[in-house]
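# Overview (structure and organization)
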Amino acid sequence: MTALWTHFALNLVQVAFLLIFAPLVEGVLHRLEEIIEGKRGPSIWQIYRDIWKLFGKDEVVSEESTWVFRFAPIVAFVMPMFVVLLIPALTAYPLFFAFMGDMVAVGFLMAVSGFFVALAGMDTGNVYAAVGASRTHMVGFLAEPVFIMVFFSVSYIANSTIPYFVNATWGASWGSMLQPSHLLVILAFFLLILADEGRIPVDSAAGKVEIAMIGHSKGLEYSGTSAALIKWGGTTKLMVLAMIFVNVLVTPWGLAQGTQWTAILAAIGLVLIKLLAFVIVLAFIETTLAKLRLFRISEFLSVAFVICLFAVSVRLVGIG
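Criteria and thresholds
Residues numbered from 1 in each chain as written. Predicted model: local features only at pLDDT ≥ 70, side-chain atom pairs only at ≥ 80, totals over all residues. Heavy atoms only, no water. Axes fitted to C-alpha atoms, helices over the stretch in contact; angles between N-to-C directions. Helix = DSSP H or I, 4+ residues; strand = E, 2+ residues; numbered from the N terminus. Parallel < 35°, antiparallel > 145°, perpendicular 65-115°, else oblique. Contact = heavy atoms within 4.5 Å. Nonpolar A, V, L, I, M, F, W, Y, C, P; charged D, E, K, R; others polar. Patch = residues over 30% accessible without salt bridge, like charges linked within 9 Å, V, L, I, M, F, W, Y side chains within 5 Å. Areas by Shrake-Rupley, 256 points an atom, 1.4 Å probe, with all protein chains shown as cover. Salt bridge = Lys/Arg side-chain N within 4 Å of Asp/Glu carboxyl O. Buried < 20%, exposed > 50% of the residue type's maximum accessible area, 1.4 Å probe, protein only. Phe/Tyr/Trp six-rings, centres within 6.5 Å; stacked < 30°, edge-to-face > 60°. Core = buried A, V, L, I, M, F, W, Y, C linked by side-chain atoms within 4.5 Å. UniProt positions renumbered as here; feature names shortened; annotations may be inferred.

### With respect to the packing of helix α8 (residues 180–196) against helix α9 (residues 224–250)
Closest axis-to-axis distance for the α8/α9 pair is 11 Å, and the angle between their directions is 175°. Classified by the angle between their axes, α8 and α9 sit roughly antiparallel to one another. Together, His182, Val185, Ile186, Phe189, Phe190, Ile193 and Asp196 of α8 and Lys237, Leu241, Ile244, Phe245, Leu249 and Val250 of α9 make up the contact between the two elements. A breakdown of the residues in the contact of α8 with α9 according to their chemical character gives 10 nonpolar, one polar and two charged.

Structure representation (structure tokens):
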């Protein structure tokens, strides 16, 4: 019983870790992009101030909107917290809720969040929000086969769909990490993160031109608490995908092996260092590439799909 309560407490620690540091990860990303472009940029703490300010503002809701518009920010905020319970965020061993879902469940929870936010974008009748929502559905439609192929490739290569087991399989030796099939899956999943999170070259997260927006336009009608939840949920979603990328695929080391709080604190520091490395790579890509035209996004995601096919093919023929 003591071990059960310890695991439950560690789950709460993982959720708190996500909520506290997700805005910081986004803030560091924005600051690095500004520095690379030769600008001063906002403080890394600016997102915390923005979220706090939005929580203190009045909320205006259109009379034409339905319950979907009011419910979507809650879904966008809560779903990443469910996902972090299923992945090795701080511990290398499964916790209390680890076996409630596998990587397919992780993809489903993330898709539910995006679906409700996109649906809410069309709920108020705002033209730009509807355009952004339709474009989001298009990107999602193209990304779903890639998601499926990534999950299939990972499960086929690592012989499991449970993130903790994948982490243990690939963290057992350097040889398994350097297999060509594994490296191809890493590349495909990174391309998928760029598309799902609306990063360049698929979309510009900092873009403010309504007619060219994809992801940002879905939250144009929100204000007050709902806008804060949408903004905070966006940062937690990016951090969850980044943790899956670094803790499961790229560097499945540095997580706590025991329940001692010193090991947990050390894992927090190491995971933050890995996230910083991920953010540096992401900032470099976003400041060196140009945004693709809308109808070329399909080509971008097709590349990720083909890379997954190559990964499975390489595994089948035994190269590595």
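### A closer look at a nonpolar patch on the surface
The grouping of Phe152, Tyr156, Leu316 and Val317 at the surface amounts to a nonpolar patch, some 400 Å² of accessible area in total. Secondary-structure elements contributing two or more residues to the nonpolar patch are α5 (127–158) and α11 (297–317). You can call phenylalanine 152 partly exposed: its relative accessible area is 41%.

### A look at the packing of aromatic side chains
In this structure the tally under the stated criterion is 12 aromatic pairs. Seen from their ring centres, tryptophan 67 and phenylalanine 71 are 6.0 Å apart, and the 55° between their planes marks the pair as tilted. One end of the pair is tryptophan 67 and the other is phenylalanine 71, both in helix α3 (residues 67–84) and four residues apart, which spans about a single turn. Judged by relative accessible area, tryptophan 67 falls into the exposed class, the value being 56%. Arranged with centres 5.2 Å apart and planes meeting at 55°, the rings of phenylalanine 77 and tryptophan 232 form a pair that is tilted. Here phenylalanine 77, found in helix α3, pairs with tryptophan 232, found in helix α9; they are 155 residues apart in sequence, far enough to count as distant. Each of the two residues, phenylalanine 77 as well as tryptophan 232, counts as buried. One aromatic cluster in this structure is built from Trp67, Phe71, Phe115 and Phe116.

### Focus: the nonpolar core
Membership of the largest hydrophobic core comes to 99 residues, with the highest contact counts inside it found for Phe189, Met243, Phe245, Leu249, Phe278 and Leu301. Of all the elements, α9 adds the most residues to this core, at 15 residues.

### A word on the UniProt feature "transmembrane region" (unreviewed entry) in the chain
Per the UniProt record, "transmembrane region" (unreviewed entry) is found at residues 12–29, 67–90, 96–119, 139–158, 178–195, 238–255, 261–285 and 297–317. Secondary structure content for residues 139–158 is 100% helix and 0% strand, while the C-alpha to C-alpha distance between its ends is 28 Å. End-to-end, the C-alpha atoms of residues 238–255 are 20 Å apart, and along that stretch the chain is 72% helix and 0% strand.

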